[in-house]
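Per-entry structural report
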Amino acid sequence: MLDPRLFRADPDFIRKQLSRRSFDFNSRYYAELEARRKDIQVKTQDLQNERNKRSKLIGQAKAKGEDIQPLLDQVQHMANQLKEAEMELSEIQAKMTGLMEGIPNILDGSVPDGKNEEANIEISRWGESPAFDFEAKDHVDLGARNKRMDFELGAKIAGARFIVLNGALARLQRALIQLMLDTHVSEHGYSETYVPFLVNADSLRGTGQLPKFEADLFKANEDPALYLIPTAEVPVTNMVRDVIIDAKDLPLKLVCHSPCFRSEAGAYGRDMRGMIRQHQFEKVELVQIVRPEESGRAHEELTEHAEVILKKLKLPYRKMLLCAGDTGFSSSKTYDLEVWLPGQGAYREISSCSNFKDFQARRLQARWRNPETGKPELVHTLNGSGLAAGRTLIAVMENYQDAQGQIHIPEALISYMGGIEVIE
RNA sequence: GGAGAGGUGGCUGAGCGGCCGAAAGCGGCGGUCUUGAAAACCGUUGAGGGUUGAUCCCCUCCCAGGGUUCGAAUCCCUGCCUCUCCGCCA
């Protein structure tokens, strides 16, 4: 959510900023609501004040043993008037909250213009794509051997976009997760955390998935509403919801491995081959809660932490700065890391690292006590995949294949694989 | 799943339906004292919002949502959460 004070101070600035995302902000409608809100709020508070005063008088009169009937008569009719005003106020407040919750974050000044991923900017490129003297297979063909990667079985048990991994491939995915967690904990200073994989609506509203993107989620329960997490970002970031954090506890750096569940509504027919786009996948997520002035630097740092994993695995990748049209709803600035997939002959997203600034924090009421002002102020939140394990598995398979279709285990993983060096 | 107890400020913990945003203690902050620290003493110390140039002032918040009442932390209903006992379990 954006700062309501900014709306009042400079609605035109907001309209202009949001138009970069092709988001049409109706500043006239907003101003209308705001004017009415002000009016009704003042009226309501006046009535409340009046009621409080008179009620106190009744109390005092009663204590002195005076006749309170005349006073009661005066107040009687106020009740309805007040109730009406209160209802009107809460109605308009709900309307405004609804409007505000549907407005995306303002983009960082460094985010380039552009409508879609074609306008994203390549920041850097790392590693050499492997030079095969044979035709590179994709992970589907590579995984078919011994049914280590079984799409039919996944479909039978659950449906399309589900997969079963067997034997060495299942272990390889686990090894990747271990490597990631260990690296972020021991080398990058994150503390590991384990969280619920089902979350309530408040949590999803806090990080921005609700109310606008309910269709992307799997709802697991009605009353109370529970949803499968689309990313560990949701439970982990919500750890600081409604919390005033001690300045000495910042920055908070958390790493969490979790399964992620996405309905992929609106992705019908896209990436149907292989395990690029699944309803369920494993991911290691990095989350940072920082002082506002730190978030720019933290964003660079967090992205580098994700890059370290790719470097350890010697997987070629490039770092992209997303353009205005491709940057997510809650994010102010996002870097995507795209790994090279020889089987597809393309770079594909394997990590997305975002700075949300105070957008999530305002929804979450996640604050810290600024020692300089002594007041609670909003923190900044960031997160990024470090990395998506399923897609990393694919990348390892495709980049480390040989002419026979065997997978060679990257050096960094051999100890996690119990010494196995090749998946035959 | 069954039975009971309870949810109050950073924490502990009081609170006859009216003068309670809330006693007291602890903690925090500021000060006195001290070479410094501790102790002691004095003062101060919740959040959000409205209005204002800024104060003043006003409103809301004692788990959440409804209700009763002129007036609710206090009474009633519903929900959520926590604790204890029994059952069942990983």
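Residues numbered from 1 in each chain as written. Chains lettered and ligands numbered in written order. Predicted model: local features only at pLDDT ≥ 70, side-chain atom pairs only at ≥ 80, totals over all residues. Heavy atoms only, no water.

Quick reminder of the rule: UniProt positions are given in the numbering used here, feature names are shortened, and annotations may be inferred rather than shown by experiment.
The name given to chain A in an unreviewed UniProt entry is Serine--tRNA ligase, and the organism recorded there is Candidatus Methylobacter favarea. Heading Pathway (unreviewed entry) of the UniProt record for chain A holds this comment: "Aminoacyl-tRNA biosynthesis; selenocysteinyl-tRNA(Sec) biosynthesis; L-seryl-tRNA(Sec) from L-serine and tRNA(Sec): step 1/1."

1. Topic: the overall build of chain A
Our working definition: Only runs of H or I of at least four residues qualify as helices and only runs of E of at least two qualify as strands under DSSP, and these elements are numbered from the N terminus. Only the protein chains shown count as cover for residues, and the accessible areas themselves come from Shrake-Rupley with a 1.4 Å probe. Lys and Arg are tallied as positive, Asp and Glu as negative. Neither His nor the chain termini are counted. Lys charges are placed at NZ, Arg charges at CZ, Asp charges at CG and Glu charges at CD.
The helix and strand inventory of chain A stands at 14 helices and 18 strands. Taking the principal axes of its C-alpha atoms as reference, chain A extends roughly 100 × 45 × 40 Å. Surface accessibility of chain A: about 20600 Å² in total, with carbon and sulfur atoms responsible for 48%. Side chains of chain A give 56 positive and 63 negative charges; the mean places of these two sets differ by 4 Å.

2. Here's the deal with the protein's contact with RNA strand B
To keep it simple, the criterion reads: We call a residue near a molecule or strand when any one of its heavy atoms sits within 4 Å of it. Under this definition, polar contacts are N or O atom pairs within 3.5 Å; protein pairs additionally need one hydrogen-donor-capable and one acceptor-capable atom, and for neighbouring residues in sequence, both atoms have to be side-chain atoms.
For RNA strand B, the set of nearby residues contains 20 residues, the closest of which are Arg 8, Lys 38, Gln 48, Asn 49 and Ser 55. Taking the atoms of RNA strand B that fall within 4 Å of the protein, sugar and phosphate contribute 73% of them. Between RNA strand B and Asn 49 there is a distance of 2.8 Å, counted from a sugar or linking oxygen to a side-chain nitrogen or oxygen. Those elements that place two or more of their residues in the surface near RNA strand B are α3 (27-63), α4 (69-76) and β14 (367-369). Element by element, the count of residues in the surface near RNA strand B is highest for α3, at 13 residues.

3. Considerations on helix α2 (residues 11-19)
Threshold: Each residue's exposure class comes from its accessible area (1.4 Å probe, protein chains only) as a fraction of the maximum for that residue type: buried when under 20%, exposed when over 50%, partly exposed otherwise. This arc describes the spread of directions from the helix axis toward the C-beta atoms. For this analysis, residues touch if any pair of their heavy atoms sits within 4.5 Å.
All of the buried residues along α2 are Ile 14, Gln 17 and Leu 18. Along the axis of α2, the buried positions cluster into a sector of 95 degrees, meaning they face one direction only. Buried residues along α2 sit in contact with α1 (4-9).

4. Digging into the pattern of salt bridges
Convention followed: A carboxyl oxygen of Asp or Glu within 4 Å of a side-chain nitrogen of Lys or Arg is what we treat as a salt bridge.
Scanning the model with the defined rule gives 29 salt bridges in all. Residue Arg 125 is joined to Glu 122 by a salt bridge in which the shortest nitrogen-to-oxygen separation is 2.7 Å. By relative accessible area, Glu 122 is classed as partly exposed at 32%. A salt bridge links Glu 285 to Lys 283; the shortest N-O distance between them is 2.6 Å. Take Glu 285 and Lys 283: they sit in the same class, and that class is buried. Each of Glu 122, Arg 125, Arg 318 and Glu 338 takes part in one network of salt bridges that share partners.

5. Brief notes about a negative patch on the surface
The condition is simple: A patch consists of residues whose relative accessible area exceeds 30% and which take part in no salt bridge; residues with like charges are grouped when within 9 Å of each other, and nonpolar side chains (Val, Leu, Ile, Met, Phe, Trp, Tyr) when within 5 Å.
A grouping of Asp 39, Glu 84, Glu 88 and Glu 91 is seen on the molecular surface, where their side chains present a negatively charged patch. Ranked by residue count, the leading element in the negative patch is helix α5 (residues 78-101), at three residues. The class for Glu 91 is exposed, based on a relative accessible area of 53%.

6. Regarding the packing of helix α8 (residues 167-186) against helix α11 (residues 295-312)
For clarity, the threshold we go by: Each axis is a line fitted through C-alpha atoms, and for a helix only the stretch in contact is used; angles between axes span 0 to 180 degrees, taken between their N-to-C directions. Note on angle classes: values under 35 degrees are labelled roughly parallel, values over 145 roughly antiparallel, values of 65 to 115 roughly perpendicular, and the remainder oblique. Should the near helix be turned anticlockwise from the far one by less than a right angle, the crossing is termed left-handed; should it be turned clockwise, right-handed. Three classes are used, and their members are as follows: Ala, Val, Leu, Ile, Met, Phe, Trp, Tyr, Cys and Pro are nonpolar, Asp, Glu, Lys and Arg are charged, and the others, Gly among them, are polar.
Running from N to C, α8 and α11 cross one another at 130 degrees; their axes reach a closest spacing of 10 Å. In terms of their interaxial angle, α8 and α11 are classed as oblique. Crossing angle aside, the handedness with which α8 passes α11 is right-handed. Facing Leu 179, Met 180, Thr 183 and His 184 of α8, the residues of α11 in contact are His 305, Ala 306, Val 308, Ile 309 and Lys 312. Among the residues forming the contact of α8 with α11, the class breakdown is five nonpolar, three polar and one charged.

7. Observations regarding the packing of α3 against α5
Interhelical geometry of α3 versus α5 gives an angle of 145 degrees and a closest axis separation of 9 Å. In this structure, the crossing between α3 and α5 has a hand that is left-handed. A class-by-class count of the residues in the contact of α3 with α5 yields 13 nonpolar, five polar and ten charged.

8. A closer look at the pairing of strand β12 (residues 333-341)
A regular strand places its side chains on the two faces of the sheet in alternate fashion. Put simply, the test is: Two strands pair under a simple rule: DSSP has to find at least two bridges between them.
A large share of β12 lies buried, amounting to nine of its nine residues. Every second residue of β12 is oriented toward a common face, with Lys 333, Tyr 335, Leu 337, Val 339 and Leu 341 on one face and Thr 334, Asp 336, Glu 338 and Trp 340 on the other, all of them buried. As judged from the five bridges shared by strand β11 (residues 317-321) and β12, these two strands associate in the antiparallel manner. Bridging across to β12, Met 320 finds its partner in Asp 336. In this structure, β12 lies alongside strand β13 (residues 346-357), joined through nine bridges in antiparallel fashion. Counterpart to Glu 338 in the pairing with β13 is Glu 349. In this structure, the hairpin formed by β12 and β13 is closed by a connection of four residues, where Gly 345 is found at a positive phi of approximately 60 degrees.

9. A few points about the environment of Ser 203
On the secondary structure map, Ser 203 appears in helix α9 (residues 201-207). The exposure class assigned to Ser 203 is buried, which follows from its relative accessible area of 8%. As for Ser 203 and Ala 298, which are separated by 95 residues in sequence, their C-alpha atoms are 23 Å apart. Those residues within four positions of Ser 203 in sequence are excluded, and the remaining contacts are Val 234, Asn 238 and Arg 241.

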